[in-house]
Amino acid sequence: MPHPIAGYGGSFKLVMPGVCSYRSVADHHFTWMRHPKSRVNVLDGNHFYEEIVDAGRISRMAFKIDLIMNEKKEIIKAFAGDPVAEHREASKHAESLYLIPLPRLRT
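Cut-offs used in this document
Residues numbered from 1 in each chain as written. Predicted model: local features only at pLDDT ≥ 70, side-chain atom pairs only at ≥ 80, totals over all residues. Heavy atoms only, no water. Buried < 20%, exposed > 50% of the residue type's maximum accessible area, 1.4 Å probe, protein only. Helix = DSSP H or I, 4+ residues; strand = E, 2+ residues; numbered from the N terminus. Pairing = 2+ DSSP bridges. Arc of directions from axis to C-beta. Contact = heavy atoms within 4.5 Å. Patch = residues over 30% accessible without salt bridge, like charges linked within 9 Å, V, L, I, M, F, W, Y side chains within 5 Å. Areas by Shrake-Rupley, 256 points an atom, 1.4 Å probe, with all protein chains shown as cover. Salt bridge = Lys/Arg side-chain N within 4 Å of Asp/Glu carboxyl O.

A. Highlighting the pairing of strand β3 (residues 64-69). Burial along β3 is one-sided: the face carrying Lys64, Asp66 and Ile68 is buried and the face carrying Ile65, Leu67 and Met69 is not. Bridge count between β3 and strand β4 (residues 75-81): six bridges; the pairing is antiparallel. Following the sheet pairing, Ile65 is matched in β4 by Ala80. As consecutive antiparallel partners, β3 and β4 are separated by five residues, and within that stretch Lys73 has a phi angle of approximately 65°, a positive value.

The structure is reproduced here in structure tokens:
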């Protein structure tokens, strides 16, 4: 699912915030939450997301499964493998489902 700050759900969020201390999560959120690139549908340059990835790499998680769900909470597609690679692939697929391009406003 699109995530309002981390770009998309899934990824290493099992680690950060999943098993991190309250202090780690608070420091992470207070540091990056208001950064201009910490927003929905953005992974590249999103420091909020990148710090989550850093925490996941420290944990040495080597395999991950992310799922795409529909509005009925049914699994419609699964992605597995290297946590960063599969999450990027899953995010692209989610973008194709959830992102609606809008025409540019004429000024």
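B. Region of interest: helix α1 (residues 22-32). Those residues of α1 that fall on the buried side of the exposure criterion are Val25, Ala26 and His28. Buried residues of α1, viewed axially, fall in a sector of 165°; they line one side. Exposed side of α1, more than 90 degrees from the buried face: Arg23 and Phe30 are the residues found there. Of the surrounding secondary structure, the elements contacted by the buried residues of α1 are α2 (47-59).

C. Fine view of a nonpolar patch on the surface. There is a patch of nonpolar side chains on the surface, built from Met1, Ile76, Leu97 and Tyr98 and spanning about 380 Å² of accessible area. Residue position: Tyr98 is located in helix α3 (residues 83-98). By relative accessible area, which is 31% here, Tyr98 ends up partly exposed.

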